Amino acid sequence: MTEMKTDIKPGDWVRLTPLWPGIWKVYRILSGFKENRWSLGEPLVPSKRVIVFCHRVVNDSWKRSFSHQSCELSYVSSLEPDERNRLDALLVSDTKLQASFEKYQAKQNTIDLIANIAFGGLSKRAVASFPTLCDKMLGTRIDAGITIREVLLVLQEHGLYKHMRDLPQQVTLQLTSINHELRGDETVYRKYRVLPL
C-alpha cells in the first residue's frame, strides 16, 4: 500500500461535503489498493481512489452528534481556521464532550466493506442448495481470508461463475471485508452470507 499525496492526514479535523454534515476527525486514510475485479478476464487495476475514515464529533448546529463514516477523498475538505478555533474552544470548555468522543472513537473504529455477487439462471434445486454449496466452497477458507479473485476461481470450479449476473437474479452471495482489510494491495473478505431474493 502506497501513500498518495494529500494535505489530509489522520488526526485532522475536516468536513465531508456535501453529504455528511458536521465536523469530523480523520483516523485512517487508505490508498494504493487494487480495485476488485468481477471477471477472471479482467486484470487487477490500481485504484485512483483514496478512502478517508472519520469520526464526527458535532453536527452543523455544533451539538454532539457522534458517528463514523468513510468516503472518497474528493468529499473531504480541511476546516477553515475560524471553525478550527471554535472547535478547539468547544473541546477545551466541554471536557465531558471531549471524554465521550474519545471513548466513542475507541469503540467505533471499524467500517466494513461489503461485496455482493448476484446469480441467476439456476434451477430451483440449485437455489435451494446454494447456502450449503457456499459452506462447502468457502467455509474452511473464509477464516483465513479470501480475495475476490480467489472467490471467482472457486465459483468457476463449482460451475457457478457462468451464472453471475444472469437475469432474473435469484440469490446473492454477500462477502464482508472487516475494516477494509488488505492483503498486499487486494481486499480480503472474512465473512459471507447468502441473501435470497
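Let us look at the structure shown here. Just so you know, these numbers come straight off a predicted model, no measurement behind them. (Residues numbered from 1 in each chain as written. Predicted model: local features only at pLDDT ≥ 70, side-chain atom pairs only at ≥ 80, totals over all residues. Heavy atoms only, no water.)

## A short note on the pairing of strand 9 (residues 169-177)
Where we set the bar: Only protein chains enter the accessibility calculation, which uses a 1.4 Å probe; a residue is then buried when its area is under 20% of its type maximum, exposed when over 50%, and partly exposed in between. Working definition: helices are DSSP H or I runs of at least four residues, strands are E runs of at least two. Numbering for both runs from the N terminus. In short, DSSP must find at least two bridges between two strands for them to pair.
Most of strand 9 sits inside the fold, with 7 of its 9 residues counted as buried. In the sheet, strand 8 (residues 113-120) pairs with strand 9 via 8 bridges, with the strands oriented antiparallel. From the neighbouring strand, Ala115 faces strand 9, where its bridge partner is Leu175. Direction of pairing for strand 9 relative to strand 12 (residues 191-196): antiparallel, over a ladder of 6 bridges. Bridge pairing in strand 12 links Thr176 to Lys191.

## Section: the packing of helix 1 (residues 81-93) against helix 2 (residues 95-107)
How we decide: Structural elements are reduced to axes, namely lines fitted to C-alpha atoms, with helices fitted over the stretch in contact, and the angle between N-to-C directions of any two is expressed from 0 to 180 degrees. Relative orientations are named as follows: roughly parallel for angles under 35 degrees, roughly antiparallel for angles over 145 degrees, roughly perpendicular for angles from 65 to 115 degrees, and oblique for any other angle. Here a residue-residue contact requires only that any non-hydrogen atoms of the pair lie within 4.5 Å. By the convention adopted, Pro, Cys, Tyr, Trp, Phe, Met, Ile, Leu, Val and Ala count as nonpolar, Lys, Arg, Asp and Glu as charged, and the other residues, Gly among them, as polar.
Interhelical geometry of helix 1 versus helix 2 gives an angle of 95° and a closest axis separation of 5 Å. Relative to helix 2, helix 1 is oriented roughly perpendicular. Along its contact with helix 1, which presents Leu90, Leu91, Val92 and Ser93, the element helix 2 presents Thr95, Leu97 and Gln98. Looking at the contact of helix 1 with helix 2 residue by residue, the class counts come to 4 nonpolar, 3 polar and no charged.

## Overview of the packing of aromatic side chains
How we decide: When the centres of two rings from Phe, Tyr and Trp lie within 6.5 Å, Trp using its six-membered ring, the rings pair. Their planes under 30 degrees apart give stacked, over 60 give edge-to-face, and anything left gives tilted. In our convention, an over-ring charge means Lys NZ or Arg CZ found within 6 Å of a ring centre and within 35 degrees of that ring's normal.
In total, this model carries 6 aromatic pairs according to the counting rule given. Aromatic pair Trp20 and Tyr75: ring centres 5.9 Å apart, planes at 80°, arrangement edge-to-face. Taken together, the residues span a long stretch of sequence, with Trp20 in strand 2 (residues 20-30) and Tyr75 in the loop between strand 6 (64-72) and strand 7 (76-78) at a distance of 55 residues. Centroid distance Phe66 to Phe101: 5.4 Å. Interplanar angle 55°. Geometry classified as tilted. Note that Phe66 is positioned in strand 6 and Phe101 in helix 2, a separation of 35 residues in sequence. Here Phe66 matches Phe101 in class, with each residue buried. An aromatic cluster is present here, built from Trp13, Phe66, Phe101 and Tyr104 joined pairwise through their rings. Arg28 extends its terminal NZ or CZ atom over the ring of Phe53, reaching a point 4.8 Å from the ring centre.

## So, empty space enclosed by the protein
Condition: Cavity means a closed set of points on a 1 Å grid over the protein atoms alone, one where a 1.4 Å probe fits but cannot get out, pocket means an open set with protein on both sides within 12 Å along at least 5 of 7 lines, and lining means a residue has an atom within 4 Å of a point. Grid points are joined across faces, edges and corners, and a volume is the space filled by probe spheres set on the points.
In the structure shown here, the tally under the stated rule is 1 cavity of 30 Å³ or more. Of the pockets and cavities examined, the largest cavity occupies roughly 60 Å³. Looking at the largest cavity, the residues that line it are Lys34, Glu35, Asn36, Arg37, Leu44, Thr147, Ile148, Arg149, Glu186 and Thr187. Mapped onto the lining of the largest cavity, the elements with two or more residues apiece are strand 3 (34-35), helix 5 (148-157) and strand 11 (186-187). Here the residues of the lining of the largest cavity sort into 2 nonpolar, 3 polar and 5 charged.

## Let's talk about helix 2
Using the following cut-off: Any helix carries an expected span of 1.5 Å times its number of residues minus one. Directions are taken from the helix axis to each C-beta atom, and the arc is the one they span.
Here helix 2 contains 13 residues, and its C-alpha end-to-end distance of 19 Å stays within 8% of the 18 Å for a straight helix at 1.5 Å per residue. All of the buried residues along helix 2 are Leu97, Ser100, Phe101, Tyr104 and Gln105. One side of helix 2 carries all its buried residues, which in axial view fall inside an arc of 140°. Away from its buried face, by an angle of more than 90 degrees, helix 2 presents the exposed residues Thr95, Lys96, Lys103, Ala106 and Lys107. Buried residues along helix 2 sit in contact with strand 1 (13-16), strand 2, strand 5 (51-58), strand 6 and helix 1.

Geometric descriptors of this kind do not, in isolation, establish any biological role.
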